[in-house]
Amino acid sequence: TECVSGCMCPDGLVLDGSGGCIPKDQCPCVHGGHFYKPGETIKVDCNTCTCNKRQWNCTDNPCKGTCTVYGNGHYMSFDGEKFDFLGDCDYILAQDFCPNNMDAGTFRIVIQNNACGKSLSICSLKITLIFEVCLELIITEDLQLLEGRIQEIATDPGAAKNYKVDLRGGYIVIETNQGMNFMWDQKTTVIVHVAPSFQGKVCGLCGDFDGRSRNDFTTRGQSVEMSIQEFGNSWKITSTCSNINMTDLCADQPFKSVLGQKHCSIIKSNIFEACHSKVNPIPYYESCISDFCGCDSVGDCECFCTSVAAYSRSCSNAGVCIDWRTPAICPVFCDYYN
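Residues numbered from 1 in each chain as written. Predicted model: local features only at pLDDT ≥ 70, side-chain atom pairs only at ≥ 80, totals over all residues. Heavy atoms only, no water.

The protein chain is annotated in an unreviewed UniProt entry as Mucin-5B from Mesitornis unicolor.

In structure tokens form, the structure reads like this:
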């Protein structure tokens, strides 16, 4: 009914948000809070997505599965389920000796937590890898890893190995011919990669890698558990080993809790700002504080460094590389490892 001040685009054009007018098919796509022009591409896992008329067109390549364990019993399954589980028994982390695998099994990974002194915090892992070297004769090869040492135990030392062991930076890396890769930082971080061919054929604390996270808490008896503790305990090697109930390590240590919040705030700071929209920092921040409270002494920053490194690694997997280490914060002597 009267004039109203403002801007309009001519018919057939729309505002671009920056004061200009563009055709509708030139509208951007959105991912992780960022805008991308038509024709621009991004990487999502192992697939490439291209922006076209406000829609993402993505390739459909099968991706490898990744399971990560770090710090004080923090897990991320092959299907992306995050949970905390702590125990002092031997547990099956991942294997393909499973009811849903029609093929013969090839590997089993067993981990055991080693506590720091009198605390409930984990200082290191003892890891056993069991490989079927020759299925016809049931020849196996065991690799035991503890505090940087590798011990190989073979039922037939003359049999051909179907794996290789390598040292890359601070990591011990084991690769099998079947497509299972194992990485260990010689402390509390373990990363297991499995090829797409293992999809739906694995089981253990890392889940079954079937693309659905809601059934990741499948016990050894093939039932889906609501309790993480019951699920974890079902994967014990020996049933006689006692169960441990998770406790809040910060509950009776307010000083450590406050100090942990101060140190761990780096995860939520502008140093990692570029990653916040792609990987939620809150679970890693909370795990960092919990682990900090579990450290034997305030000066022991290994718990803190492991948690921040876990978030940095997730950011890297999402395509955001953060240069966060300094001589004062969790230094790594690259020249030494080079």
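Looking only at helices and strands, the protein chain has 6 helices and 19 strands in total. Every one of the 338 residues in the protein chain was classed for burial, and the buried ones make up 42%. A separation threshold of at least 6 residues defines the contact pool for the protein chain, and within that pool the share at least 24 residues apart is 47%. Carbon and sulfur atoms make up 52% of the accessible area of the protein chain, which totals about 18,300 Å². (Helix = DSSP H or I, 4+ residues; strand = E, 2+ residues; numbered from the N terminus. Buried < 20%, exposed > 50% of the residue type's maximum accessible area, 1.4 Å probe, protein only. Contact = heavy atoms within 4.5 Å. Areas by Shrake-Rupley, 256 points an atom, 1.4 Å probe, with all protein chains shown as cover.)

Glancing now at the nonpolar core. One finds Leu93, Ile109, Ile127, Leu129, Phe182 and Val192 to be the most contacted residues of the largest nonpolar core, which totals 41 residues. When residues of this core are traced back to their parent elements, those giving at least two are β8 (65-70), β11 (90-95), β12 (107-115), β13 (122-134), β14 (139-146), β17 (171-176), β18 (180-184) and β19 (190-194). In this structure, Cys264, Phe272, Val279 and Cys315 belong to the second largest nonpolar core, which totals 27 residues. (Core = buried A, V, L, I, M, F, W, Y, C linked by side-chain atoms within 4.5 Å.)

Moving on, we come to the sheet that holds strand β7 (residues 55-58). The strand order across the open sheet formed by 3 strands is β5-β6-β7, and the pairing between neighbours is antiparallel. Each end of this open sheet is capped by a strand with a single partner; those strands are β5 (41-44) and β7. Geometrically, the sheet is characterised by an average inter-axis angle of 35° between neighbouring strands, direction not taken into account. Both strand β6 (residues 47-52) and β7 contribute to a ladder of 4 bridges, which runs antiparallel. From the neighbouring strand, cysteine 51 faces β7, where its bridge partner is tryptophan 56. (Pairing = 2+ DSSP bridges. Axes fitted to C-alpha atoms, helices over the stretch in contact; angles between N-to-C directions.)

Working note: regular strand, side chains alternate between the two faces of the sheet. By the criterion of burial, β8 is predominantly enclosed, with 5 of the 6 residues buried. Two elements, β8 and β19, share 5 bridges in a ladder whose sense is antiparallel. Following the sheet pairing, valine 69 is matched in β19 by valine 190. Alignment of β8 against strand β9 (residues 74-76), held across 3 bridges, turns out to be antiparallel. Paired with valine 69 across the two strands is tyrosine 75, which belongs to β9.

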